[in-house]
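Results of the structural survey
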Amino acid sequence: MPQPIDILGIESSCDETAAAIVRSGEELISNVVYSQIATHHPYGGVVPELASREHLRAIVPVVRKALEDAGKTYESIDAIAVTQGPGLAGSLLVGLSYAKGLAFALEKPLIAVNHLEGHIHAVLLEERQNGNSDLQFPVLALVVSGGHTHLYLAERQESGWTYRNIGHTRDDAAGEAFDKVAKLLELGYPGGPVIDFLAQHGNPSAVKFPFALIKHRDRNPQNRHAADARRTDFSYSGIKTAVLRYVEVHDMAASIQKRRESMRSISKPTSQNYLAASDRQTLDLIASFQRAVVDDLVSKTLTAAIEYGVATLLVTGGVAANSELRSTFEARAAKEGIPVLFPSRQLSTDNAAMIAAAAYPRFLAREFASADLSSDPALRLG
Ligand code: KG4
Ligand code: ZN
């Protein structure tokens, strides 16, 4: 039996301060996520300056709690893993500086992890934890979050994992579209969970969003094959504008204003509060918006999966928490005979367990960061 390796993961790329302990990439020992939603809620989106300030406040107690929950001391961990990027510059800096300081003081190895690779390993961690360690390759991963809508072909090599990017968003990420539509309709921040809930009460066929709106011509294919780039790239800024146009054409300003006012007296509005403050037209618009985004995500991912002869599909990132996305993927991937794996909802959105899990193969390969490691807000994967 190899010796168990306990890695402390630290994640601070956006608006969650998170720390977790994962044993040997396959067992979640503790998982602490401090969400800043309450801070950013009034602004309808993440305010970078406030995010860094909140990370500074939270990082020490969050890491301490992750160790306490795991019954571990600082000295008894084997390595520290930290998100290097992509993300908000100031936010990344807080987690990375703290992790570096901790690694230096404790004389433990430091491992730099790409946040997007982390999302992929959230699925792999839970599959291993459930005893499914035999993945069928090729693997295609859709990472769909507030900042990213990316498709990666993932391979496991002797020395670790490698990734090839075969599709990405040309403009807004899918989660960003959920957040912007929610902001436009006065549904608070983040938009995904509330839209997910409200969509279940509307008619998804009420408003037709022509598919052309979310297709996008690749004007700058660079080194990539232009036809491929069109088929497997995403674009969600068009549908956001289409929702705005719909709101204008159908004179929905008064109903939006009414919702804003009725929410003012509620300190933490719930999805039920938003439901009570939404008329049929609004609910139908929300359901139709979600259906269009989900259809597009599922269709493009399955097109790529078939084209590349994929044996397993992973769907991960904040938007992977969406109920309709999960059920549509399950139904349509089953028709193609492709198993589709999701993280639990808890590990779909940002967390540090995924960072500690992604670091384990690097620990085994002794890929440690040097003392001059710096964060990279635009870090790419593959
Ligand atoms: O992965 P994540 O926590 O942070 C990033 O790396 O961006 O993803 C956050 C995004 C937000 O845009 C949020 O609205 C979206 O995930 N999200 C959802 C749901 N839960 C979170 N989108 C749709 N349906 C959900 N249930
Ligand atoms: Zn994320």
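Preceding this paragraph is the structure being described.
The notes below deal with the structure included here. Everything numeric here is computed off the predicted structure, so don't read it as measured data. (Residues numbered from 1 in each chain as written. Chains lettered and ligands numbered in written order. Predicted model: local features only at pLDDT ≥ 70, side-chain atom pairs only at ≥ 80, totals over all residues. Heavy atoms only, no water.)

1. A look at the overall build of the protein chain
Spelled out, the test is: Counting from the N terminus, the helices are DSSP H or I runs at least four residues long and the strands are E runs at least two residues long. The reference for a compact globule is 2.2 Å times residues^0.38; the radius of gyration itself is calculated from the C-alpha atoms. Exposure categories follow from relative accessible area, calculated using a 1.4 Å probe and restricted to protein chains: below 20% of the type maximum is buried, above 50% is exposed, and the middle band is partly exposed. Whether two residues are in contact is decided by their heavy atoms: any pair within 4.5 Å suffices. In these tables, accessible area is a Shrake-Rupley quantity obtained with a 1.4 Å probe, and a residue counts as shielded only by the protein chains included in the view. Charge assignment: positive for Lys and Arg, negative for Asp and Glu; neither His nor the chain ends contribute. Charged side chains are reduced to one point each, which is NZ for Lys, CZ for Arg, CG for Asp and CD for Glu.
When its secondary structure is counted, the protein chain shows 14 helices and ten strands. Taking 21 Å as the expected radius of gyration for a compact globule of 382 residues, we find that the protein chain reaches 21 Å, a close match to that expectation. Per-residue burial over the protein chain gives 54% buried out of 382 residues. The long-range share in the protein chain, meaning contacts at least 24 apart out of those at least 6 apart in sequence, stands at 75%. With the model as given, the accessible surface of the protein chain reaches about 16,700 Å², and the carbon-plus-sulfur share is 51%. Across the protein chain, the mean location of the 38 positive side-chain charges is 5 Å away from that of the 43 negative side-chain charges.

2. Brief notes about the sheet that holds strand 7 (residues 149–157)
Sheets are built from strands paired through backbone hydrogen bonds, the pairs being either parallel or antiparallel. Rule in force here: For two strands to be treated as a pair, DSSP must find at least two bridges joining them.
Spatial ordering of the open sheet is given by 8-7-6-9-10, a layout of five strands whose pairing is mixed. The open sheet has two free edges, formed respectively by strand 8 (160–168) and strand 10 (340–341), since each of these has just one partner strand. Judged from the eight bridges that link them, strand 7 and strand 8 form a sheet pairing that is antiparallel. Within strand 8, the residue paired with Glu155 across the bridge is Thr162.

3. Some details on empty space enclosed by the protein
Note the following rule: Put simply, the grid is 1 Å and covers the protein atoms alone, a cavity is a trapped set of points that fit a 1.4 Å probe, a pocket is an open set with protein on both sides within 12 Å along at least five of seven lines, and lining residues have an atom within 4 Å of a point. Grid points are joined across faces, edges and corners, and a volume is the space filled by probe spheres set on the points. Throughout this entry, Asp, Glu, Lys and Arg are counted as charged residues, while Ala, Val, Leu, Ile, Met, Phe, Trp, Tyr, Cys and Pro are counted as nonpolar. The remaining residues, Gly among them, count as polar.
If you walk through the whole model with that rule in mind, you get one cavity of 30 Å³ or more. A volume near 50 Å³ is recorded for the largest cavity. Leu124, Glu127, Arg128, Asn132, Ser133, Leu135, Arg156 and Trp161 together form the lining of the largest cavity. The element that contributes the greatest number of residues to the lining of the largest cavity is helix 4 (residues 115–129), accounting for three residues. For the lining of the largest cavity, a count of residues per class yields three nonpolar, two polar and three charged.

4. Description of the packing of aromatic side chains
Our working rule: Each aromatic pair joins two rings of Phe, Tyr and Trp (for Trp, the six-membered one) with centres within 6.5 Å, and gets the label stacked for planes under 30 degrees apart, edge-to-face for over 60, and tilted for any other angle.
Summed over the entire model, instances satisfying the criterion amount to five aromatic pairs. Consider the rings of Phe137 and Trp161, whose centres lie 5.8 Å apart with planes at 40°: the pair is tilted. With a gap of 24 residues between them, Phe137 in the loop between helix 4 and strand 6 (139–144) and Trp161 in strand 8 connect regions that are remote in the sequence. You can call Phe137 partly exposed: its relative accessible area is 30%. Relative to Phe342, the ring of Phe329 has its centre 6.4 Å away and its plane inclined at 70°; by these criteria the two rings are edge-to-face. Taken together, the residues Phe329 in helix 12 (residues 323–335) and Phe342 in the loop between strand 10 and helix 13 (345–348) connect sequence positions 13 residues apart. The buried category is assigned to Phe329, whose relative accessible area is 0%.

5. Re the coordination of the zinc ion (ligand 2)
Heads up, the rule is: Listed donor atoms are N, O and S within 2.8 Å of the metal (Na, K and Ca: 3.2 Å). As water is not included, a site may look incomplete.
Around the zinc ion (ligand 2), the donor atoms from the protein are His115 (NE2), His119 (NE2) and Asp350 (OD), and they sit 2.0 to 2.1 Å away. One chain supplies every donor for the zinc ion (ligand 2), spaced along it as H-x3-H-x230-D. With a gap of four residues between them, His115 and His119 both fall in helix 4, about one helical turn apart. Like His119, His115 is buried.

6. Some words on the site of ligand 1
Quick note on the threshold: Here, proximity means that at least one heavy atom of the residue falls within 4 Å of the molecule or strand. Pairs of N or O atoms are called polar contacts if they sit within 3.5 Å, as long as, within protein, a hydrogen donor faces a hydrogen acceptor (for residues adjacent in sequence, only side-chain-to-side-chain pairs). For a molecule to be placed in a cavity or pocket, more than half of its atoms must lie within 2 Å of the grid points of that cavity or pocket. Boundaries between domains were set according to an automatic or database domain assignment.
Close to ligand 1 lie 19 residues, the nearest being Gly146, Asp179, Gly192, Asp196 and Asp350. Within the backbone of Gly192, one N or O atom sits 3.0 Å away from an oxygen atom of ligand 1. In isolation ligand 1 exposes 560 Å². Once the protein is present, 91% of that is buried. Structurally, ligand 1 is housed in the largest pocket. In terms of residues, the shell around ligand 1 owes the most to one element, helix 6 (residues 191–199), which gives four residues. Considered class by class, the residues forming the shell around ligand 1 number five nonpolar, eleven polar and three charged. Each of domain 1 (6–134 + 347–364) and domain 2 (166–338) gives at least three residues to the shell around ligand 1.

7. Considerations on unusual backbone geometry
Most of the time, phi is negative for any residue but glycine, and the peptide bond is trans. That bond from Gly85 to Pro86 is cis: its omega, -10°, falls within 30 degrees of zero. The topology assignment puts Pro86 in the loop between strand 4 (79–85) and helix 3 (89–106). With omega at -10°, the peptide bond leading from Tyr189 into Pro190 counts as cis. Following the sequence through the fold, Pro190 ends up in the loop between helix 5 (174–184) and helix 6. Positive phi outside glycine occurs at Glu186, with the angle close to 60°. Along the chain, Glu186 falls in the loop between helix 5 and helix 6. Phi is positive for Asp251, close to 50°, though the residue is something other than glycine. The residue Asp251 is located in the loop between helix 8 (237–249) and helix 9 (253–264) in this model.

8. Section: helix 5
Of all the positions in helix 5, only Ala174, Gly175, Ala177, Phe178, Asp179, Val181 and Ala182 are classed as buried. For helix 5, the elements touching its buried residues are strand 6, strand 7, helix 6, helix 8 and helix 11 (280–307).

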